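The primary structure of each chain is shown beneath.
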Amino acid sequence: MSFDFIQLANPGVRHIKPYQPGKPIDELRRELGISDIIKLASNENPLGPSPKALIAVQQVIRDFNLYPDGSGYELKQALAAKLAITPQQLTLGNGSDNLLAMVIQAFVAPGGEVIISQYAFATFAIATLANHGTPAIIPTRDWQCDLDAMLAAINSNTRAIFIANPNNPTGTWLNKQDLLAFLQKLPESVLLVLDEAYYEYVDNADFPDSIALQRQFPNLIITRTFSKAYGLAGLRIGYSITVPAIADILNRVRLPFNVSVPALAAAQAALADEQHVQLSLDNNKLGMQQLTFALAQLGLKVLPSVGNFFSLDLAREAQPIYQQLLNKGIIVRPLLPYGMPNHLRITIGTEPQNKRLIDALTDILKVIEF
Ligand SMILES: *Cc1c(COP(=O)(O)O)cnc(C)c1O
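Note that this is a predicted model, so its numbers are computed, not measured.

Engineer: What am I meant to see in unusual backbone geometry here?
Structural biologist: Working note: non-glycine residues mostly have negative phi, and peptide bonds are mostly trans. In the segment running from asparagine 165 into proline 166, the intervening peptide bond is cis, with an omega of -5°. As for its placement among the helices and strands, proline 166 is situated in the loop between β5 (158-164) and α8 (176-185). Cis geometry is adopted by the peptide bond preceding proline 169, which originates at asparagine 168 and carries an omega value of 20°. Within the secondary structure, proline 169 is located in the loop between β5 and α8. The phi dihedral of asparagine 43 falls on the positive side, at around 60°, and the residue is not glycine. Structurally, the position occupied by asparagine 43 is in the loop between β1 (38-39) and α3 (51-60). Judged by its relative accessible area of 0%, asparagine 43 is buried. One non-glycine residue, aspartate 142, lies in the positive phi region at around 55°. Of note, aspartate 142 is situated in the loop between β4 (134-138) and α7 (147-152). Taking the relative accessible area as the measure of exposure, aspartate 142 reaches 71% and is therefore exposed.

Laid out in structure tokens, this is it:
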């Protein structure tokens, strides 16, 4: 019998269910031997990266033998100017996932609790367990975070609360008034991590201005990413906005060269390419209308979302429909791992991609009895 290494693993690690990413295009290609595949599964930007980011990467390829600037000086200057904050408030991460983990590493000791909502982004619980913390999962109300229950769950072990705004996979979001009231009741010793991965897509007047709130509530940590609207998911770069004292602490656990040379260059160019971001937002808005209209015609409901994705309620087990979509070369995201067996999460694509999805679903549903 071979040694059972799971006994060696840290207790929290033993309980982790590994993150299940959207199926990569190449994997489906190998499985089915088909080439015309679209992926609407990981909330990636269907327009691709900014052309300016591609040029910026080409300009640094000769520097690939050199370590990156570990402080990210130039990108921080550009971000600070754009966001009207100071560079001392910024920490760069290998994707914003990296920052979520750094917050837990820095602030949650064994036995420390992290309050997370049911249906919250899976990384929150994984990063908590991986760093010896204990997730406290609070049931939602009508898919929304139950903010009162989250406050009521705070005890002397509570170190942080994680909320994605908007949340993935539900697409639900917290408005200005509710977030303000929540922060007013939150003890200063409990951190609120607001994961704003989809910030650029949100176009609602009552969406919170989290940077303004941070001036009043220094225990607020904001994370954002270049993976979604900026179209750089493959390069892995995100950032946090915190008070400088928290940035100083995060910098102590940050591994020295956590963001690569091409990621830094591409992010800086993508940030400056406002036209590409605008095109991406316009495509998203039209695609959201196209898809929600067509799905309603099919008699299907979606959870209202302000991101570049939504969860489709099939009112029946979603897994067989996921499989049939795969057979037609369309990758979406089953939500069984989130405890949502009847839902599929769908990323808004380009107009022809969206049409292909609708046509495929129409075909599939024709032969299914409701
Ligand atoms: C996609 C996503 C992220 C982004 O992760 P990166 O590590 O920046 O690619 C973070 N939070 C949520 C809720 C997401 O959906």
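Having seen the structure, we can now continue with the description.
Engineer: What am I meant to see in the site of the ligand here?
Structural biologist: Taken together, 13 residues lie around the ligand, and Asp195, Tyr198, Thr225, Ser227 and Lys228 are the ones closest in. Measuring from a nitrogen atom of the ligand, one finds a side-chain N or O atom of aspartate 195 at 2.5 Å. Here arginine 236 contributes a side-chain N or O atom positioned 2.6 Å from an oxygen atom of the ligand. Isolated, the ligand exposes 390 Å² of accessible area, and the fraction of that covered by the protein chains is 93%. Looking at the shell around the ligand, its residues break down into 4 nonpolar, 5 polar and 4 charged.

Engineer: Mind showing me how you'd approach the pairing of β5 here?
Structural biologist: The side chains of a regular strand alternate, residue by residue, between the two faces of the sheet. Within β5, 6 of the 7 residues are buried, which leaves it mostly tucked inside the rest of the structure. In this structure, strand β3 (residues 113-117) lies alongside β5, joined through 4 bridges in parallel fashion. Along β5, the bridge assignment pairs isoleucine 115 with isoleucine 161. Bridge count between β5 and strand β6 (residues 191-195): 5 bridges; the pairing is parallel. What sits directly across from isoleucine 161, in β6, is leucine 192.

Engineer: Explain the packing of α3 against helix α11 (residues 261-272) to me, please; I cannot follow it from the model alone.
Structural biologist: Angle between the axes and distance between the axes: these two values describe a pair of packed helices. Packing of α3 against α11 leaves a shortest axis separation of 8 Å and a crossing angle of 145°. When you trace α3 past α11, the crossing you get is right-handed. Judged by residue contacts, Lys52, Ala53, Ala56, Val57 and Val60 of α3 engage Val261, Pro262, Ala265, Ala266, Ala269 and Ala270 from α11. When the residues that make up the contact of α3 with α11 are grouped by side-chain class, the tally is 10 nonpolar, no polar and 1 charged.

Engineer: What is the right way to look at the environment of aspartate 148 in this model?
Structural biologist: For aspartate 148, the location among the structural elements is in helix α7. Placed 37 residues apart in sequence, aspartate 148 and lysine 185 show a C-alpha to C-alpha distance of 9.6 Å.

Engineer: Honestly, the sheet that holds strand β10 (residues 309-313) in this entry has me stumped. Any pointers?
Structural biologist: Neighbouring strands of a sheet are bound in pairs by backbone hydrogen bonds; such pairs are parallel or else antiparallel. Spatial strand order, β9-β10-β13-β12: 4 strands in an open sheet with antiparallel pairing. In this open sheet, the two edge strands, each paired with only one partner strand, are β9 (301-302) and β12 (333-334). Sheet analysis places β12 next to strand β13 (residues 343-347), joined by 2 bridges and oriented antiparallel. Opposite proline 334, over in β13, you have leucine 344 as the bridge partner. Here helix α12 (residues 274-297) sits on the sheet and contacts β9 and β10; the angle it forms with β10, its principal contact strand, is near 5°.

Engineer: Is there a simple way to think about the sheet that holds β6 in this case?
Structural biologist: One open sheet accounts for 7 strands, arranged β2-β8-β7-β6-β5-β3-β4; its pairing is mixed. The strands lining the two open edges of the sheet, one partner per strand, are β2 (90-93) and β4. Averaged over neighbouring strand pairs, the angle between their axes works out to 25° when direction is ignored. Lying over the sheet, helix α4 (residues 73-83) contacts β2, β7 (220-225) and β8 (238-241), oriented at roughly 125° with respect to β2.

How each quantity is defined
- Along each chain, residues carry numbers from 1 onward, in the same order as the chain's sequence is written.
- Under the rules for a predicted model, residues below a pLDDT of 70 receive no local features and side-chain atom pairs below 80 are neither given nor counted, while totals for whole chains, interfaces and linings still include all residues.
- Calculated side-chain values reflect all of the structure's heavy atoms, with hydrogen atoms and water omitted.
- Helix numbering and strand numbering both begin at the N terminus, where a helix is a DSSP run of H or I of at least 4 residues and a strand a DSSP run of E of at least 2.
- Buried means the residue's accessible area, taken with a 1.4 Å probe over protein chains only, is under 20% of the maximum for its type, while exposed means over 50%, and partly exposed covers the values in between.
- We call a residue near a given molecule or strand whenever any one of its heavy atoms falls within 4 Å of it.
- Any pair of nitrogen or oxygen atoms within 3.5 Å is treated as a polar contact; in protein, a donor-acceptor pairing is required on top of that, and neighbouring residues in sequence qualify only through side-chain atoms on both sides.
- Using the Shrake-Rupley algorithm and a 1.4 Å probe, accessible areas are obtained, with residue cover drawn only from the displayed protein chains.
- Think of it as three bins: nonpolar holds Ala, Val, Leu, Ile, Met, Phe, Trp, Tyr, Cys and Pro, charged holds Asp, Glu, Lys and Arg, and polar takes everything else, Gly as well.
- At least two DSSP bridges between two strands are required for those strands to pair.
- Only C-alpha atoms enter the line fits that serve as axes; for helices the fit covers just the stretch in contact. Angles between N-to-C directions range over 0 to 180 degrees.
- Two helices cross in a left-handed way if the nearer one is turned anticlockwise from the farther one by less than a right angle. They cross in a right-handed way if the turn is clockwise.
- Throughout, a contact is declared for two residues whenever any of their heavy atoms are within 4.5 Å.

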